[in-house]
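These are the residues of each chain, in order.
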Amino acid sequence: MSTKAKKSGDKAGTAPGTSGEAHPGAGGETHQVAGGDVATLTTAQGAPVADDQNTLRYGPRGPALMEDFHFREKIFHFDHERIPERVVHARGYGAHGYFELTDSLQDVTRADIFQRVGERTPAFVRFSTVAGAKGSFDLARDVRGFAVKFYTQEGNWDLVGNNIPVFFIQDAIKFPDMVHAVKPAPDRDFPQAQSAHDNFWDFVSLTPESFHMIMWVMSDRAIPRSFRFMEGFGVHTFRFLDARNRSTFVKFHWKPKMRLQSVVWNEAVKINGADPDFHRRDLWDAITSGDFPEWELGVQLFDDAFAEKFAFDVLDPTKLIPEEEIPVRIVGRLVLDRVVDNFFAETEQVAFCTQNVPPGIDFSNDPLLQGRNFSYLDTQVKRLGSPNFTHIPINAPKCPMAHFQQDGHMAMRNPIGRANYEPNSWGAAGGPREDPIRGFRSFAAEETGPKVRLRPESFADHYSQARQFVISQTPIERKHIGDAITFELSKVERPEIRARVVSHLRHVDEDLARTVANGLGLKLPEPAKAARPVIADLPPSDALSIVRNGPDSFAGRKFGILLTDGADAALFDALVTAAETENAVYAIVAPKIGGVTLSDGRAVAAQQKIDGGPSVLFDAVAVIASPDGAALLAGDAAARDFVTDAFAHCKFIGYTPEANALFARAGLADDLDDACILMETADDVEDFVASCRALRFWDRESKVDLDAG
Ligand code: HDE
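Residues numbered from 1 in each chain as written. Predicted model: local features only at pLDDT ≥ 70, side-chain atom pairs only at ≥ 80, totals over all residues.

**So, the overall build of the protein**
Move 1: From N to C terminus, the protein includes 19 helices and 18 strands.
Move 2: Since a compact globule built from 709 residues should have a radius of gyration of about 27 Å, the 29 Å found for the protein is in line with a globular shape.
Move 3: Considering only C-alpha atoms, the protein reaches an extent of 80 × 80 × 55 Å along its principal axes.
Move 4: A buried classification covers 43% of the 709 residues belonging to the protein.
Move 5: Taking the contacts inside the protein whose residues are at least 6 apart along the sequence as the reference set, 73% of them involve residues at least 24 apart. (Helix = DSSP H or I, 4+ residues; strand = E, 2+ residues; numbered from the N terminus. Rg over C-alpha atoms; globule rule 2.2 N^0.38 Å. Buried ≥ 20, exposed ≤ 12 C-beta atoms within 10 Å, placed from the backbone. Contact = placed C-beta atoms within 7 Å.)

Quick look at the structure:
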């Protein structure tokens, strides 16, 4: 790209009507002007612009002139840059990719996307948090949205899911209340992006159907390490329809190729300060480095007979179907291989609508899903300003479209020709016609019954699956659930709300109720009045635990390597090689961003200065220091935090003997355990990297956490 320096006093920089003595404004020596392969700046109307530094005014010190159309157009457009953020899921991050079918579902659905094995369908995915504003932080304790738009050959299919398979409420009419309760209180507009406050727990404690979801949200599922390491769920029961319009019920699952991983709460809190964009940066880095995130699409298929005999109602979105009862059949994979070109155009403007289903996929009567089918279309008009939001490239189908919808704000396409109505007698020139064979047909469900506002009795057990979730966790995960509820309720000011929550927990799990009551310094309250007695213990399900579904390698995870000048070059090389062999990534953290000089004289650049690269940003850390370097680190608070946090978060720590000086000053010298691995040889380095596959050394938590005692 050619750049032409522009000197101050050049013609384009001076005020009209002056001799050229006036100051030119921005630019100076580095100011670039058009020419070569640098495009000419124009107005939105295409008129070339000569001066983008100065408004048109009467004399260099005089008033601005209304006539300055370039200025007015520029400021006017800027004034209108913002659109309303999403009322929920405001903070999100998207990427492009494709879905590839690996197992045909022709036997149960005519949906075009599920017919031909090996065929790829373009897709766009947006991950999100729910409660926080657009500018909030990534590691809020929250549900994550997992919304997928498939551009199928028979229309867009939007599978607008979450990373949790159940929801807080059973009926869409309660959604505004639930969202109001979790969002900042209307009088003070805080707290932001969190559920640890009176309003949320007040609502929850008065809405026992939310307790299953509450268990998930209080588990580490709500603080995922990466979008890449979390599951996704369609939540509701949908229908597949075959060529003869016969129905099979289906629930959708996304399973991450890299398996599950979360962070711990204290780490989440610190990540939010160190890098509020932690998740979006992680996704961006993975895709741009060619390590494409991948999920398998699985389906749970079942018929009316199963629905009849299942202990819960398959229309109840607060219940899941355990994988042990209906196995998840893997039918394809989703690969994200392209970041967006422009965040606003794609991620912000993408408009997911649950009612976007192609022929072969249909809804069930789940009352939440039925309500969503109204809400999403409605919200897009508000957000994007026109019913023509489907004309925006990210929302437009990639298959042929033809219809008689026309006009409206920002119409990019209108019907061609004279006829814009149907039926007409213009023959082929009269435009598109319906196709009873190819076209979408709803399942011909037979519905009868009185018009009522009634919750079915079959939705009334609010605790059994909550309990099943809790007893399916490993001990450390159960502890984290207890810690999280205690933490959240400790932020609740009104004691009666705390007690009311615990009164429900007594139906979920007595141990959990006691732990939380104890943590709050609360006398164990009487159990809440249950709408329906709890079903006898359901069996635990391994699929519900994160730890039991963790990875068996460190691939896709990140080492933080704290280096100093004079650090052992051979050990550093061994660590880099081992990390690369593991398909892991690493970042070098050093006292100065300019990097360090290793023991063999080689210069290595750093990615983070020590106080900008705390250990919470990494999955495991190593300290490779010279004696002088270690002494320097020992005297630095950020370096001490680096190791104490890694230790407190149960991470694996590799270190060279010199690092003992740092551990001593950090107060860790007597506590080093089996997950603190001394690296004196290349073999030690390999052992360290191999140990990291376990991700965390949970045995340590009881030593670093008072609550665990
Ligand atoms: Fe949403 N939800 N939702 N939701 N939802 C929205 O649509 C709504 C629900 C989910 O990345 C909104 O475009 C109602 C369940 C995701 O753009 C809005 C109800 C699940 C996203 C809306 C629910 C979700 C949204 C806000 C109860 C998991 C982000 C902006 C009946 C299965 C999509 C927008 C994106 C967004 C309404 C419940 C997932 C207002 C009324 C259950 C992932 O239309």
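**Details of the UniProt feature "domain: Catalase core" (unreviewed entry) in the protein**
Move 1: Taken from the UniProt record, the annotation "domain: Catalase core" (unreviewed entry) applies to residues 42-430.
Move 2: Taken as a whole, residues 42-430 contains 22% helix and 20% strand, while its terminal C-alpha atoms sit 41 Å from one another. (UniProt positions renumbered as here; feature names shortened; annotations may be inferred.)

**Points about the environment of Pro 614**
Move 1: On the secondary structure map, Pro 614 appears in the loop between β15 (608-609) and β16 (620-624).
Move 2: Under the C-beta neighbour-count criterion, Pro 614 is labelled buried, with 24 such atoms within 10 Å.
Move 3: Separated by 26 residues in sequence, Pro 614 and Arg 640 place their C-alpha atoms 9.9 Å apart.

**Digging into the site of the ligand**
Move 1: The environment of the ligand is formed by 26 residues, the closest being Arg 86, His 89, Gly 145, Ala 172 and Val 235.
Move 2: When residues in the shell around the ligand are grouped by element, the largest group, seven residues, is from helix α9 (residues 367-384).
Move 3: Here the shell around the ligand is built from residues that sort into 13 nonpolar, ten polar and three charged. (Near = placed C-beta within 6 Å. Nonpolar A, V, L, I, M, F, W, Y, C, P; charged D, E, K, R; others polar.)

**Overview of the nonpolar core**
Move 1: Among the nonpolar cores identified, the biggest contains 168 residues, and Met 215, Ile 561, Val 621, Ala 622, Val 623, Val 643 and Leu 662 are the most heavily contacted of them.
Move 2: With residues up to four places along the chain from it excluded, the contact list for Val 643 reads Val 623, Ile 653, Leu 662, Phe 663, Ala 666 and Leu 668. (Core = buried A, V, L, I, M, F, W, Y, C linked by C-beta atoms within 7 Å.)

**Brief notes about helix α3 (residues 198-205)**
Move 1: Taken as a whole, α3 has its buried residues at Phe 200, Trp 201, Phe 203, Val 204 and Ser 205.
Move 2: Those residues of α3 that are buried are in contact with α2 (175-182), α4 (211-217), α11 (475-490) and α12 (495-508).

**A word on the sheet that holds strand β11 (residues 558-563)**
Move 1: Strands sit in the order β15-β12-β11-β16-β17-β18 across an open sheet of six strands; the sheet is parallel. Each edge of the open sheet carries a strand with a single partner, namely β15 and β18 (676-678).
Move 2: For β11 and β16, the ladder comprises five bridges, and the chain directions are parallel. Bridge pairing links Phe 559 to Ala 620 in β16.
Move 3: Taken strand by strand, helix α18 (residues 682-691) contacts β16, β17 (653-655) and β18, and its axis lies near 165° from that of β18. (Pairing = 2+ DSSP bridges. Axes fitted to C-alpha atoms, helices over the stretch in contact; angles between N-to-C directions.)

**Quick word on the packing of α12 against helix α13 (residues 510-520)**
Move 1: The N-to-C vectors of α12 and α13 enclose an angle of 155°; their axes lie 6 Å apart at closest approach. Classed by the angle they form, the pair α12 and α13 counts as roughly antiparallel. Mapping the contact onto sequence places Arg 498, Val 502, Leu 505, Arg 506 and Val 508 in α12 and Glu 510, Leu 512, Ala 513, Val 516, Ala 517 and Leu 520 in α13.
Move 2: Taken together, the residues of the contact of α12 with α13 sort by class into eight nonpolar, no polar and three charged. (Parallel < 35°, antiparallel > 145°, perpendicular 65-115°, else oblique.)

**Concerning the pairing of β11**
Move 1: Most of β11 is tucked away, with five of its six residues classed as buried.
Move 2: Handedness of the β11-helix α14 (residues 569-581)-strand β12 (residues 585-590) crossover: right-handed. (Right-handed = clockwise from strand over helix to strand, strands pointing away.)

**Notes on α18**
Move 1: Buried residues of α18: Val 685, Phe 688 and Val 689, and no others. The arc that holds every buried residue of α18, seen down its axis, measures 95°, which confines them to one face. (Arc of directions from axis to C-beta.)

**Concerning the environment of Leu 320**
Move 1: Of note, Leu 320 is situated in the loop between α7 (304-309) and β9 (329-339).
Move 2: When the C-alpha positions of Leu 320 and Phe 487 are compared, they lie 27 Å apart, and in sequence the two are 167 residues distant.
Move 3: Excluding residues within four positions of it along the chain, Leu 320 makes contact with Pro 165, Val 166 and Gln 465.

**Side note on the confidence of the model for the protein**
Move 1: For the protein, the mean per-residue pLDDT works out to 95, and 95% of the residues sit at or above 70.
Move 2: Across residues 1-20, confidence stays below pLDDT 50; counting only partners more than four residues off in sequence or on other chains, it has 40 contacts.
Move 3: Scored by ipTM, the complex comes to 0.98, with pTM at 0.95. (pLDDT = per-residue confidence, 0-100.)

**Notes on unusual backbone geometry**
Move 1: With an omega dihedral of 0°, the bond running from Phe 190 to Pro 191 counts as a cis peptide bond.
Move 2: In this structure, Met 410 is a non-glycine residue whose phi angle is positive, near 60°.
Move 3: Relative to the elements of secondary structure, Met 410 occurs in the loop between α9 and α10 (464-471).

**Some points on the packing of α2 against α3**
Move 1: Viewed as axis vectors pointing N to C, α2 and α3 meet at an angle of 145°, and their least axial separation amounts to 7 Å. Mapping the contact onto sequence places Asp 177, Met 178, Ala 181 and Val 182 in α2 and Asn 199, Phe 200, Asp 202 and Phe 203 in α3.
Move 2: Of the residues assigned to the contact of α2 with α3, the class counts are five nonpolar, one polar and two charged.

**Comments concerning the environment of Val 235**
Move 1: Its place among the elements puts Val 235 in the loop between β5 (232-233) and β6 (238-241).
Move 2: Linking Val 235 and Ser 541, residues 306 residues apart in sequence, is a C-alpha distance of 17 Å.

**Topic: the pairing of strand β1 (residues 92-101)**
Move 1: Direction of pairing for β1 relative to strand β2 (residues 120-129): antiparallel, over a ladder of nine bridges. When the bridges of β2 are listed, Gly 92 appears paired with Ser 128.

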